Structures are given as structure tokens and as C-alpha cells.
Amino acid sequence: MAPNDSAETNGEATGTVVGRRKAARYIVPFAVAGVAAATIGLVPALADSGDPELPDITAQELIEKIAASDEEQLSGTLKVSTDLGIPAFGGLAGSFAPETGGSESSAAPDAKLMELASGTHTLRVAVDGPDKQRLSILGEGSEYSVVHNGDDVWGYDSESNEVYHARSDAQPGKTGERKAPKEVPATPKELAEEALAAAGDTTSVTVDGTAQVAGRDAYKLLIKPKQSGSTIGSVTVAVDASTGVPLKFTLAPSSGGKAAVDAGFTKVDFAKPAASSFSFTPPNGAKVTEADELKDGAGKDAADKAHKELGALEDFKGLNVIGEGWNAVAEIEIPGGAGLPAQGSGDVPAQAQQFLDALGDKVTGDFGSGTVFKTRLVNALLTDDGKVYVGAVTQDTLVKAADTAE
């Protein structure tokens, strides 16, 4: 009989996840912009073969099963599909990439993996413990791979025949050395743990039947806000009934329509991957860029510029959080109290102004007036007097939060 547990958590279940959380085993160490870390999606592409009959299980027991999962080896194929209602990052990534005077490598993971934040992609993954991972993005006649093997992190773009290499034992702050990119969620397990860690008194967590994912029987864990006003409608995690490994992650927006983020395997194997999966030798004729090279020459100028820009953030007056749970809104005060440039002022390029106008809606309230920039998940209100209110909440909730702050 398929389980249908309606018990709700009060924070104790998620405390189990946090307390028993193990070191991430299904991740590839690379740095991606925050939006990509929060929204990378892996959607299963397989026919529904019916809901399997599994023993009853409670939400608490299923959460503990995820936390206790100790599978350290796997390989498989995934589909990546993310629909946040924003333009594809493929064309925008270059606009936000650091200016390195040509010293940047097209094989560096930071910008390349940001493409996963929009559109649909096919990936292959292989994992053998915390020190060996490989992730490959398959294109039409091309492939991009990130390989982590011990102290080495390699990125390879077959289309440009460029290679990026970093050492994870390098210490930051020393000339000619650079730490390997930081870890970021890359499979349903990490995405599920992030969602469960955020659950609390404002969250309902239930078992919502069963499913088959990549040919394996799974329970479905349903996470929903108890509050109205969030842009997040629900999160569903399909958990392997045998191993406790999340096989599928789906984030549905409260506005309806297709999922904003889906995460799942189309094929998965928990056997030890071949050692060759984590071996990498730069192909003949490939351009190889060492991470420390990006700190030299024009790269150093870009780093100095970035350092100065980060220093300017000290002028911010801190972060104030309005509301709680799924309706939490962050209030940020911009240095100098400057809002958006007036239309036709010439302060921004015409193309950028058109982009802002297309995304923004003018709003008014007790706070005054401003512009709301919307995606399917995260909305931001920039007031004319230079304050920003941002959260995974609807426009009305955002305006109410700004009114409350005033």
C-alpha cells in the first residue's frame, strides 16, 4: 500500500537532518554564481511506469533515511531543466564575467556552469567518495567536463579545446596560488538537504505516495509552505526506497505552470565507477590555463578592481529581515540612497534600460514608490529612495513588507 502520511514537522525532523548531515558526497567542487547554486535543476526524462507498492513510512522516518544515506559511489545520467522566467544565461554570462584582458579561460567552471541556471541540459556524473567526482555537460557535438581528483580540479571545453586547471591545496592570499572552486549542489541529494534544512514551523512535510525514478522504487516527500504569499508552491523529493538517496527534486512555483527547478536521474548505478572516469590529461594542442595565471597581468588588474568594488559594500547599513519562514524578505539600503536612474537620463546604456523596463513594474505604497523586478521565484523591489526588498515572495507580499518597514 502506497504511503500517504499527513504528519507535519515542527522543526524537529529537520533538526535531525542538520544534526546528522554528513560531508557532501555527490557534489563537484566548483564556484558558480549564487543564483546558479540555488537553482541548478536536474529533471528526469523517462516514462511513468506506475507507482510501486512500498511499506508505509512516516515523514520523520523518510527524512532520517535521507540523513542516514551513506552511498559514496554512483554514476548516472541526468537532465537539467530550469525555468526561472529570466533570459538565458548563455548570452548574458559574458556580460557579468570578470574583465581579465583575455586571460580568462572558456574552460573555467565559474562562467561555464552558470549556463545550467536556464534552459535544458543533459549531464553525466560519476562519484567515488568526497575526493573523486566528474560532471559532464553534453552539447551537440561538444562536451564540457569538470573533473575533481584529489588535489586537482580540471575543466575542459571540447568546443574551444581549452583546459582549466586548479589545485585544491593552494592557500588563498599567497601570490601565484588559488584555492580550487568551492562546492555547489549538483544532485538531488544536496538540493533536498538544503530544502529540508529550511523547513520549520512554517512548513508542512508529508509523504505523498510513491514513484519510479530511473527504474528504481522511491517514496515522495512533499514540502509545502503553510503560509500564503510565497512564490514557492511546493518541493517534491523522490527518495530511493533502498538507499535513501534523493533521485528527483522538483520545485513548483505557486503561480502554477511547469516546474521552476526539477532534479532527477534518468539512469543511476550505485556501483564503484571506473578509475578512468576521474583521470584527465590535456589533449594535444589544447590551450591550458592555470588558475594562478588569472591572478597575473590583466587578471591582477581585474582582481584589484573587484577588491575595490567589494570594499564599497562596507557602506551598506546591514541586512534587515522582515517576516519569517517562506515569507521572509531581506531589506537592504543602498549606499547614497540612490534608486534607479531616471528614464532617458543617459546613466545606463539603452539596451540595459530596455532590459530593466521589460522586467520591472512600477508600484506605490506607504513606503513611497519603486520598481519591482520579477522572476518566477525571486522578486525584488527597488524603491526610488534607494532601498531594496528581496525574497521568494509575491509582489503584494513584497510591497507589504516595504510598507511594514516604513
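This text gives an overview of the structure that appears in the document. (Residues numbered from 1 in each chain as written. Predicted model: local features only at pLDDT ≥ 70, side-chain atom pairs only at ≥ 80, totals over all residues. Heavy atoms only, no water.)

## Comments concerning the sheet that holds strand β19 (residues 379-383)
- One open sheet holds the six strands; their spatial order is β15-β16-β20-β19-β18-β17, and the pairing between them is antiparallel. Only two strands of the sheet have a single neighbouring strand rather than two, namely β15 (319-322) and β17 (360-365). The average undirected angle you get between the axes of adjacent strands in this sheet is 25 degrees.
- The pairing of β17 with strand β18 (residues 368-374) spans six bridges and is classified as antiparallel. Note that in β18 the partner of K362 across the bridge is T371. (Pairing = 2+ DSSP bridges. Helix = DSSP H or I, 4+ residues; strand = E, 2+ residues; numbered from the N terminus. Axes fitted to C-alpha atoms, helices over the stretch in contact; angles between N-to-C directions.)

## Quick word on the packing of aromatic side chains
- Inspection of every chain in the model, using the stated rule, returns two aromatic pairs.
- Between W154 and F280, the aromatic rings sit 5.2 Å apart at their centres with planes inclined by 40 degrees, giving tilted as the arrangement. Of the two residues, W154 sits in strand β6 (residues 152-157) while F280 sits in the loop between β13 (261-269) and β14 (287-290), which places them 126 residues apart along the sequence.
- For W154, a relative accessible area of 15% translates into the label buried.
- With centroids separated by 5.8 Å and ring planes inclined at 45 degrees, the aromatic side chains of Y156 and F280 adopt a geometry described as tilted. In this pair, Y156 sits in strand β6 while F280 sits in the loop between β13 and β14, placing the two residues 124 residues apart along the sequence. Side by side, Y156 and F280 carry an identical accessibility label, which is buried. (Phe/Tyr/Trp six-rings, centres within 6.5 Å; stacked < 30°, edge-to-face > 60°. Buried < 20%, exposed > 50% of the residue type's maximum accessible area, 1.4 Å probe, protein only.)

These results come straight from atomic positions and should not be treated as a statement about function.
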